[in-house]
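Residue-level structure breakdown
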There are 2 protein chains.
Amino acid sequence: MGVQTDLREKLISDYAKLSPQMQKAARYILDHPNDVALRSMRALARAANVPPSTVTRLMSAIGVETWRDFRDHYQDRLLDNPASYAQRARETQRTDNDSNRDAHLLESICRTEIDNISAAFSPDFVPHMITACEAIEDARQVFIVGSGAAYPAAFQFAYAYRLFCDNGVLVDGRSGAFGDELRGIGRRDILIAVGAKPYIRDTVRAVEYARSQHCPVIAVTDSDVSPIAVDARTTLVARDTSQSFFQSFTAALSVMQALVALLVARGGPKALQRIAAAEEQLAVFDTYLED
Amino acid sequence: MGVQTDLREKLISDYAKLSPQMQKAARYILDHPNDVALRSMRALARAANVPPSTVTRLMSAIGVETWRDFRDHYQDRLLDNPASYAQRARETQRTDNDSNRDAHLLESICRTEIDNISAAFSPDFVPHMITACEAIEDARQVFIVGSGAAYPAAFQFAYAYRLFCDNGVLVDGRSGAFGDELRGIGRRDILIAVGAKPYIRDTVRAVEYARSQHCPVIAVTDSDVSPIAVDARTTLVARDTSQSFFQSFTAALSVMQALVALLVARGGPKALQRIAAAEEQLAVFDTYLED
DNA sequence: AACCATGTGAAACATGTGTTTCGAAGAAAT
DNA sequence: ATTTCTTCGAAACACATGTTTCACATGGTT
């Protein structure tokens, strides 16, 4: 029985009693354990935005003699836990009892999610993404529609977009019917529609309505031939392959986030300025917890 | 420039052409690859019973600029940052002219997202996930709270959970204040709280209230020491590292989806049956588009 | 023999490392 | 207001690190 329990636990349990700066260091260590094993103390301190002395002090605060002891602990941990996917998969398959079936499922989910995202961000994807950006930048109003499981992705875009542009409209059917929210949509607007099979009727109808009003559509969907993608200005394909019964909208969410990031990057300092203003406003409303 | 294939191969193939002392160093490196990642060059030289200059010479003999490059390579291997990562990153960095900046950004976003998901599904994560499932299965009511950028993840879980269980409550502050929705929460319930830095006050307050009512909490957050995770029954850490200005809740969404998948898997055929019923109901309401 | 070529390790070097010290700044208590 | 007490970061420190330099040795070739 080791005298020292796991240093990570110690760090967590003592966290509340540490001084603010030490908390910053402790938090960085908890969030980036590999940095402890692989990088120098000073480098870690820099990354955590803390002077080196704080880290030394943290060591004695949690009862560790020297940084070296601490680092050795993390190095040992790194050597014991091979992070390799292949190795993990092999191990879980080797002992296929009941408790490991869950682990195997999670492993499989993880791989699928990564595959989906990788596929979404293929090189062919870039020009479509840029086209979408241009369309959004030129639009008078930006409507976003996504129902059911696709709603999170639509919401995410609308939420982030609102922070630096005020011409976004999330069409979620909450303020009355879909028709109300889409009123006045036209050729100078853009509709971003998110959805995968099984396609939700409301979403498809919104797309059809927009098309009838000559409003171009950006489709974030699971296939180039999805009903959402018919006659779309651009189609961003985000696979929803899932290990479970449900579709996975992880890739779609990721694409939406990437779209926002790209818009901000193209918007330059002006966009950043607006974001700063929005953040300040949120701070005024006491939305966030102070550190 | 030719991308370096695995340095280990290079070391083996050139072994015969090296001078005796360099062979001694090379042999030690081949036998103790982890020493390269974790120990210093001088320490490795001592262990190999060779002066430091020999190791430096070995570096240039195998065409590596500096010991640091060599060590980084071995560190990446230890972390199992698949070689394809580094390779893809270098390729995109290579063509870093102005026209490709967007492509580079997207590439970088993709890599970060994958990192986040990988980190979230680490092996240590499995037991926490199982604990969370058990807590949910035993709970009378399942409250889900997540504001701002975390809302998509919370919504996603609530939406999917509703398809096979009817004791889920999404606390979104829409039907009145947070307090109303949390009314009656107690020790037999469970609260799933999603949030990352900067922490939204309402979410933290919901967690504190739940705790004050002795209701256990499952925290899906960005750190073990997040205010949301204080005294939590289980903490599922989902990093939100992002290339853009915004946090990325992709990993959190993925974790929530995995939680649902696991619950269904553990629920067995009964859960599937309920899902089928729910789907049928949706079909009755003409929600989906028929093929 | 003299000569080059090559292999080698000790020492020098600038920089980086982990730790300690010290004084300032602020809060808490008297 | 004065005194503790804590927290903190800059600077100093002694040592380690990766690299380069240089002198010396060895062995082979003229």
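Residues numbered from 1 in each chain as written. Chains lettered and ligands numbered in written order. Predicted model: local features only at pLDDT ≥ 70, side-chain atom pairs only at ≥ 80, totals over all residues. Heavy atoms only, no water.

1. Concerning the overall build of chain A
Keep this limit in mind: Labels follow the DSSP assignment, with helices taken as runs of H or I lasting at least four residues and strands as runs of E lasting at least two, numbered in each case from the N terminus. Between buried and exposed lies partly exposed: a residue is buried under 20% and exposed over 50% of the maximum accessible area for its type, with that area taken using a 1.4 Å probe on protein chains only. Residue contacts are counted whenever heavy atoms from the two residues lie within 4.5 Å of one another. In these tables, accessible area is a Shrake-Rupley quantity obtained with a 1.4 Å probe, and a residue counts as shielded only by the protein chains included in the view.
Within chain A, the secondary structure is distributed over 13 helices and 5 strands. Looking at chain A as a whole, 51% of its 291 residues are labelled buried. For chain A, restricting intrachain contacts to residue pairs at least 6 apart in sequence, the fraction spanning at least 24 positions comes to 66%. Total accessible area on chain A stands at roughly 14,000 Å², and carbon and sulfur atoms take up 49% of it.

2. Describing the interface of chain B and chain A
Stated precisely, the cut-off is as follows: Summed over both partners, buried area is the accessible surface (1.4 Å probe) that two parts give up on being assembled. Criterion for a salt bridge: a side-chain nitrogen of Lys or Arg within 4 Å of a carboxyl oxygen of Asp or Glu. Whenever a nitrogen or oxygen atom comes within 3.5 Å of another N or O atom, the pair is scored as a polar contact, on the condition that within protein one atom can donate a hydrogen and the other can accept it, and that pairs from neighbouring residues in sequence are kept only if both atoms are in side chains.
Every contact between the two is made by 75 residues of chain B and, on the other side, 78 residues of chain A. For the pair chain B and chain A, the two sides together bury roughly 6,600 Å², of which 69% comes from carbon and sulfur. Across the contact surface, chain B and chain A share 5 salt bridges. The salt bridge partner of Asp102(A) is Arg266(B), with a shortest N-O separation of 3.5 Å. Joining chain B to chain A, the criterion identifies 15 residue pairs in polar contact (both at pLDDT 80 or more). Elements that contribute at least two residues to the side of chain B that touches chain A include exactly helix H3 (33–38), helix H6 (67–79), helix H8 (101–120), helix H9 (125–138), helix H10 (151–162), helix H12 (201–212) and helix H13 (250–284) of chain B. Ranked by residue count, the leading element in the side of chain B that touches chain A is H13(B), at 14 residues.

3. A few points about a negative patch on the surface
Note the threshold: Residues enter a patch when their relative accessible area is above 30% and they make no salt bridge; the linking distance is 9 Å between like charges and 5 Å between nonpolar side chains (Val, Leu, Ile, Met, Phe, Trp, Tyr). In summary, the charge assignment counts Lys and Arg as positive and Asp and Glu as negative, without counting His or the chain termini. The atoms used to mark charge sites are NZ of Lys, CZ of Arg, CG of Asp and CD of Glu.
On the surface, Glu65(A), Asp69(A), Asp72(A), Asp76(A) and Asp80(A) cluster together into a negatively charged patch. Its place among the elements puts Glu65(A) in the loop between helix H5 (52–61) and helix H6 (67–80).

4. Description of the protein's contact with DNA strand C
Basically, it comes down to this: Put simply, a residue is near a molecule or strand once any heavy atom of it comes within 4 Å of that molecule or strand. Amino acid classes used here: Ala, Val, Leu, Ile, Met, Phe, Trp, Tyr, Cys and Pro are nonpolar; Asp, Glu, Lys and Arg are charged; the rest, including Gly, are polar.
Near DNA strand C you find 16 residues, and of these Met41(A), Arg42(A), Thr66(A), Ser19(B) and Arg57(B) are the closest. Protein-adjacent atoms of DNA strand C, using a 4 Å cutoff, are sugar or phosphate at a proportion of 54%. Between DNA strand C and the protein, one listed contact pairs a base nitrogen with a side-chain N or O atom of Arg42(A) at 2.4 Å. Within the side chain of Ser19(B), an N or O atom sits 2.3 Å from a phosphate oxygen of DNA strand C. Breaking the surface near DNA strand C down by element, the ones donating at least two residues are helix H4 (41–48) and H5 of chain A together with helix H2 (20–31) and helix H5 (52–61) of chain B. Here the surface near DNA strand C is built from residues that sort into 5 nonpolar, 8 polar and 3 charged.

5. Focus: the packing of aromatic side chains
Counted only if it meets this: Stacked, edge-to-face and tilted are the three classes for Phe, Tyr and Trp ring pairs, Trp counted by its six-membered ring, which pair at centre distances within 6.5 Å; planes under 30 degrees apart are stacked, over 60 edge-to-face, the rest tilted.
Enumeration over the complete set of coordinates arrives at 18 aromatic pairs over all chains. Here the aromatic rings of Phe157(A) and Tyr161(A) are separated by 5.3 Å at their centres, their planes lie at 15°, and the arrangement is stacked. Within this pair, Phe157(A) and its partner Tyr161(A) are both found in helix H10 (residues 151–162), separated by 4 residues, close to a single helical turn. Residue classification places Phe157(A) among the buried residues on the basis of a relative accessible area of 0%. Relative to Phe70(B), the ring of Trp67(B) has its centre 5.8 Å away and its plane inclined at 40°; by these criteria the two rings are tilted. Highlighted residues: Trp67(B) and Phe70(B), both in helix H6, separated by 3 residues, approximately one helical turn. You'll find Trp67(B) and Phe70(B) in the same group, each marked buried. Members of the aromatic cluster, each reached through a chain of ring pairs, are Tyr151(A), Phe155(A), Tyr159(A), Tyr151(B), Phe155(B) and Tyr159(B).

6. Examining the domain arrangement of chain A
It is common to give the size of an interface as the accessible area that goes away when the parts come together. Residue and element names in this part refer to chain A. Spelled out, the test is: For the purposes of this description, domain bounds are those given by an automatic or database domain assignment.
With domains assigned, chain A is organised as domain 1 (7–80), domain 2 (85–120) and domain 3 (125–284). Here domain 2 and domain 3 share 0 salt bridges between them. Tallied by class, residues from the side of domain 2 that touches domain 3 come to 5 nonpolar, 3 polar and 2 charged.

7. Section: the sheet that holds strand E1 (residues 142–145) of chain A
All names here are of chain A. As a reminder of what qualifies: Should DSSP find at least two bridges between two strands, the strands are taken to pair. To obtain an axis, a line is fitted to C-alpha atoms, over the contacting stretch when the element is a helix, and the angle between two such axes runs from 0 to 180 degrees between their N-to-C directions.
Strand order across the open sheet formed by 5 strands is E2-E1-E3-E4-E5, with parallel pairing between neighbours. Here the strands that pair on one side only, and so sit at the sheet edges, are strand E2 (168–171) and strand E5 (234–237). Along the sheet, successive strands turn relative to each other by an average axial angle of 15°, direction set aside. Sheet contacts for H10: E1, E2 and strand E3 (190–195); angle to E1, the most-contacted strand, approximately 155°. Its contacts with the sheet place helix H12 (residues 201–212) against E1, E3 and strand E4 (217–221), and it is angled at close to 155° to E3.

8. Here's the deal with helix H2 (residues 20–31) of chain A
All names here are of chain A. Worth spelling out the cut-off: Here a helix's expected span is defined as the number of its residues, less one, multiplied by 1.5 Å.
Over its 12 residues, H2 runs 16 Å from end to end, which matches the ideal 16 Å to within 8%, given 1.5 Å per residue. When H2 is considered as a whole, its buried residues turn out to be Met22, Ala25, Ala26, Arg27, Tyr28, Ile29, Leu30 and Asp31. Residues of H2 that are buried sit in contact with helix H1 (7–14), helix H3 (33–38), H4, H5 and H6.

9. Concerning the layout of surface pockets
Selection criterion: Buriedness for pockets is judged along seven lines, at least five of which must meet protein on both sides within 12 Å for an open set on the 1 Å grid over protein atoms alone, while cavities are sets there where a 1.4 Å probe fits but cannot get out, and lining residues have an atom within 4 Å of a point. Grid points are joined across faces, edges and corners, and a volume is the space filled by probe spheres set on the points.
Each pocket or cavity is described by its volume, and for the second largest pocket that value is around 540 Å³. What lines the second largest pocket is a set of 21 residues, and nearest its centre among them are Gly148(A), Phe155(B), Tyr159(B), Arg162(B) and Leu282(B). For the lining of the second largest pocket, the leading source of residues is H10(B), giving 4 residues. When its residues are assigned to classes, the lining of the second largest pocket shows 11 nonpolar, 5 polar and 5 charged.

10. Observations concerning the protein's contact with DNA strand D
Around DNA strand D sit 16 residues in total, of which Ser19(A), Arg57(A), Met41(B), Arg42(B) and Thr66(B) are the nearest. Counted by atom, the contact set of DNA strand D within 4 Å of the protein is 57% sugar and phosphate. The backbone of Trp67(B) places a nitrogen or oxygen atom 2.9 Å from a phosphate oxygen of DNA strand D. The residue inventory of the surface near DNA strand D, partitioned by class, reads 5 nonpolar, 8 polar and 3 charged.

11. Observations regarding the sheet that holds strand E5 (residues 234–237) of chain B
All names here are of chain B. Pairing is parallel across the open sheet formed by 5 strands, whose spatial order is E2-E1-E3-E4-E5. Each edge of the sheet is formed by a strand with only one pairing partner; in this case those strands are strand E2 (168–171) and E5. Each strand of the sheet is rotated relative to its neighbour by a mean of 15°, with strand direction disregarded. In this structure, strand E4 (residues 217–221) lies alongside E5, joined through 4 bridges in parallel fashion. Residue pairing for E5: valine 220 is matched across the bridge by leucine 236. Docked against the sheet, H10 engages strand E1 (142–145), E2 and strand E3 (190–195), running at close to 155° with respect to E1.

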